[in-house]
There are 6 protein chains.
Amino acid sequence: MLGEPHVARASAGITDLDRDFQAFITRTAWGGVWTRPHFDRRTRSILTLAMMAALGHHEEFKLHVRASRNTGCTPADIAELLIQVAAYAGIPAANSAVRLAKETLREMEQ
Amino acid sequence: MLGEPHVARASAGITDLDRDFQAFITRTAWGGVWTRPHFDRRTRSILTLAMMAALGHHEEFKLHVRASRNTGCTPADIAELLIQVAAYAGIPAANSAVRLAKETLREMEQ
Amino acid sequence: MLGEPHVARASAGITDLDRDFQAFITRTAWGGVWTRPHFDRRTRSILTLAMMAALGHHEEFKLHVRASRNTGCTPADIAELLIQVAAYAGIPAANSAVRLAKETLREMEQ
Amino acid sequence: MLGEPHVARASAGITDLDRDFQAFITRTAWGGVWTRPHFDRRTRSILTLAMMAALGHHEEFKLHVRASRNTGCTPADIAELLIQVAAYAGIPAANSAVRLAKETLREMEQ
Amino acid sequence: MLGEPHVARASAGITDLDRDFQAFITRTAWGGVWTRPHFDRRTRSILTLAMMAALGHHEEFKLHVRASRNTGCTPADIAELLIQVAAYAGIPAANSAVRLAKETLREMEQ
Amino acid sequence: MLGEPHVARASAGITDLDRDFQAFITRTAWGGVWTRPHFDRRTRSILTLAMMAALGHHEEFKLHVRASRNTGCTPADIAELLIQVAAYAGIPAANSAVRLAKETLREMEQ
C-alpha cells in the first residue's frame, strides 16, 4: 500500500530498538485491519485520515496521504473529510491537516 | 437524520443557556457538513463514529449509533470501523465504544 | 471557592490512597494558580471551564460550574465560552459540556 | 489476569458485533503485549493505569484497578502513579482517576 | 485580527483542496464566534490560547500568539494563562506552549 | 537528572515570560513528584515516557529520553514500553515516539 521503495527504506532502518515493534504493528495494522474484507481500501484510507487529523498524529497523517494514491482515496475525498474533521474535532485539528495534505500532495506531484 | 421525535424533544429542552449554541451547531454540522454532496450519508456516519470513538466522545457516539438507522450505516459497518479504531486510537477507546454500540443497538431493537 | 460544605465533605472522604494527592493538588492548583494576582477569578473560571470542556474532563467541568457562583462567572459566560469550545475543540466536546452545564445549573437553583 | 469469572462473563456476552473485535484485542493486548518477558506484570499494570488515567479511559482504568490484585500492583502504587499523572497530564485527569480507584478498591474489599 | 498581510498571503495560497474548507472556517470561527458581542477580543484570545496549548495544537497556538497584538492580550496574559494550563492540562502541554510563545514573541519584535 | 549543562542552558534562557512558570514546574514536577520515595527513578522514567508518547507530547518525550541515561531506564525499556503504548494509545502515537527515541538515542551516542 505504501509502495515497495517505502517498505524497503523502512526495513533497512530497523534496529534492535524497533525490531519487535515493527513486527507488532505490521501484524496488527496490516494483518489485523487492512487485509479484512468488509471495507474497501478507499474507505479505510478515509477513516484513517480522519482519525489521524482528529487526534493530531501528523506523521501518520502524511504517511496516509502518500498511501492514498494506492487506495483510491482522492484529493477531493481528503478535502471533504477535513471539513467533517473541522466540525467534529475542531477547526485547529483540521487546519493543521489541511496544510500537511497540501504540502504532501504537492510533493507527490513532483 | 435523528428522526422527528428526537428533534422535537431536543427543541423543547432549549433554554437561554443553549439557544445560540443550538443554532450554531445546527448551522455548522447540519448546514455546513451533512448537506454537502461529496460523501453519502453512510460514509459520513462511518467517519463520525470513528472520530467520536477515537476522541472518547461517548454521548455523541451513542447519538450517531442511533442516527445510523437513517444513514445506511449497518451494525456490521460499526463493528468493522471499531477494529480500525482499536489499531489507530488504541484498544481502550475502541473497547468503550464497542460496549456503547452494543447497548445502544439493543435499545434500538426494543 | 467551592464553598465550605464541599471542602468539609471532601476532607472527610480522604483516605491513605489520596492523602498525598489531595495535598499535592491543593498546593498546585490553589496555592500555585488561583491565588496568583494577574487574572481575576471570573477569568480563571472561564479559562478552566473552556479547557475542561475541550479536554472532556466532565467531573472537573461540573465542579467548576458549581464553583462559578463564587467566582463571578455567569451562566451567560458559560453559554458563550461553550460556543468558542465548539469551534476550537469540536462540536461534540461542547455539546456534552452544554448538557452538563444545564444539569448542574438546574441542580444549583434547587 | 482478570480472573476466570470475568473472562467467563465477558465470553458469554459476545455477539456478532464484537466477535472479531474480541479476538483482535485478545491477540493484540494479551498475546502481543502482556505475555512479553521484558517487564513484569506489576510494571505493566502501573504503565497501563497511568496511560488510562492520562487519556481519560475510565472503563479501562477501572478494569485494570480490578486486575491489579493479580499483577502485584498495590494500592500504594496506584496512589503514587496518580500523583505523577497529575503533574504530567493535568490535575483533572488524575482527580477523576483517584475517585474511580477509591470506588473500585472499596468494591473489591467487599 | 491577523492583519491584512496574513489574510492576503493566506488567500493567495488557496487551491481546490481547501477552497470550501477556508470558507467553512471563516464562516464558523470568524462569523460564528469572534464577531459575537459577549466577550471582548482579549478574553477570546486568552480562551483560544489556553485551549490550543491544552490540546497541543501548535500551529494554531502560534497563529493566536501573533494575533494577540490586535486583540489586547498581552505577553503577561500569555505567561499567566500558561501556568493555568500547566495545572489543568499537565506540565508538558504548557512547556511546549511556553517555548512556542517565546519564539513567536521574539519574531514579532523583530 | 537532566544533567548540569542542560539546567545551566535552560536557566540562562529564562525571561519575564517564563520566570514564574519555570519556578512553578520545578516546584511541581521536581519537588512534588521526582523527589518522592515510593518509585525509583527508572520506574518514573518509564511512566513519564509512556504518558508523553500516549499524549503526543513530543518535546517532553525527547527530554525524558535524554534524561533516561541518569535514571537507569535503558533503551530496551523504551523499546518495550512503546509496544505497550501502541496497544493502549494506538499505533500512530507509538510510531512517532519510536522515531523520536531512535533519533534522540543516536544523538546521545555521538
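Heads up: these notes are all about the structure in this document. (Residues numbered from 1 in each chain as written. Chains lettered and ligands numbered in written order. Predicted model: local features only at pLDDT ≥ 70, side-chain atom pairs only at ≥ 80, totals over all residues. Heavy atoms only, no water.)

Focus on the pattern of salt bridges
Line of reasoning, step 1. Applying the stated criterion across every chain, the model contains 54 salt bridges over all chains.
Line of reasoning, step 2. Of the charged contacts in the structure, one is a salt bridge between Arg36(B) and Asp20(E), with a shortest N-O distance of 2.7 Å. Taken together, the positions of Arg36(B) in the loop between helix 2 (19–34) and helix 3 (41–55) and Asp20(E) in helix 2 (residues 19–34) put the pair across two chains.
Line of reasoning, step 3. Residues joined in a network through salt bridges with shared partners are Asp20(A), Arg36(D), Arg44(D) and Glu80(F). (Salt bridge = Lys/Arg side-chain N within 4 Å of Asp/Glu carboxyl O. Helix = DSSP H or I, 4+ residues; strand = E, 2+ residues; numbered from the N terminus.)

Some details on the environment of Ile83(B)
Line of reasoning, step 1. Take Ile83(B): it is sitting in helix 5 (residues 75–89).
Line of reasoning, step 2. For Ile83(B), a relative accessible area of 2% corresponds to the buried category.
Line of reasoning, step 3. Ile83(B) has contacts with Gly32(A), Val33(A), Arg36(A), Asp20(D), Phe21(D) and Phe24(D), leaving out every residue within four places of it along the chain. (Buried < 20%, exposed > 50% of the residue type's maximum accessible area, 1.4 Å probe, protein only. Contact = heavy atoms within 4.5 Å.)

Side note on the relation of the copies chain D and chain B
Line of reasoning, step 1. Mapping chain D onto chain B calls for a screw motion: a turn of 120 degrees about the axis and a shift of 0.0 Å along it, with 0.0 Å RMSD after fitting. Taken together, the rotation and translation describe the operation of a three-fold axis. It is Gly56(D) whose C-alpha, among those of chain D, lies nearest the rotation axis, at 4.7 Å. (Least-squares fit on C-alpha atoms with pLDDT ≥ 70 in both.)

Re the interface of chain D and chain B
Line of reasoning, step 1. Contacts between the two partners involve 15 residues from chain D, matched on the other side by 17 residues from chain B.
Line of reasoning, step 2. A buried area of about 1400 Å², summed over both sides, lies between chain D and chain B, and 74% of it is on carbon and sulfur atoms.
Line of reasoning, step 3. For chain D, the biggest contributors to the area lost against chain B are Leu17(D), Phe21(D) and Phe24(D); these three give 47% of the whole.
Line of reasoning, step 4. Where chain D packs against chain B, one counts two salt bridges.
Line of reasoning, step 5. Here Asp18(D) ties to Lys102(B) by a salt bridge, and the two come within 2.9 Å at their closest N and O atoms.
Line of reasoning, step 6. Our count for the chain D to chain B interface comes out at three residue pairs in polar contact (both at pLDDT 80 or more).
Line of reasoning, step 7. When contributions to the side of chain D that touches chain B are tallied by element, the ones reaching two or more residues are helix 2 (19–34) and helix 4 (58–67) of chain D.
Line of reasoning, step 8. For the side of chain D that touches chain B, the leading source of residues is helix 2 of chain D, giving six residues.
Line of reasoning, step 9. A per-class count over the side of chain D that touches chain B returns seven nonpolar, four polar and four charged. (Buried area = accessible area lost by both parts, 1.4 Å probe. Polar contact = N/O pair within 3.5 Å; in protein donor to acceptor, adjacent residues only side chain to side chain. Nonpolar A, V, L, I, M, F, W, Y, C, P; charged D, E, K, R; others polar.)

Quick word on the relation of the copies chain B and chain A
Line of reasoning, step 1. Mapping chain B onto chain A calls for a rotation angle of 180 degrees and an axial translation of 0.0 Å; the resulting RMSD is 0.0 Å. When the rotation and shift are considered jointly, the pair of chain copies conforms to a two-fold rotation axis.

Examining the packing of helix 2 (residues 19–34) of chain C against helix 5 (residues 75–89) of chain D
Line of reasoning, step 1. The N-to-C vectors of helix 2 of chain C and helix 5 of chain D enclose an angle of 15 degrees; their axes lie 9 Å apart at closest approach. When the interaxial angle is binned, helix 2 of chain C and helix 5 of chain D end up roughly parallel. In this structure, helix 2 of chain C crosses over helix 5 of chain D, and the sense of that crossing is right-handed. Facing Asp20(C), Phe21(C) and Phe24(C) of helix 2 of chain C, the residues of helix 5 of chain D in contact are Leu82(D), Ile83(D), Ala86(D) and Ala87(D).
Line of reasoning, step 2. Classifying every residue of the contact of helix 2 of chain C with helix 5 of chain D by side-chain character gives six nonpolar, no polar and one charged. (Axes fitted to C-alpha atoms, helices over the stretch in contact; angles between N-to-C directions. Parallel < 35°, antiparallel > 145°, perpendicular 65-115°, else oblique. Left-handed = near helix turned anticlockwise from the far one by under 90°.)

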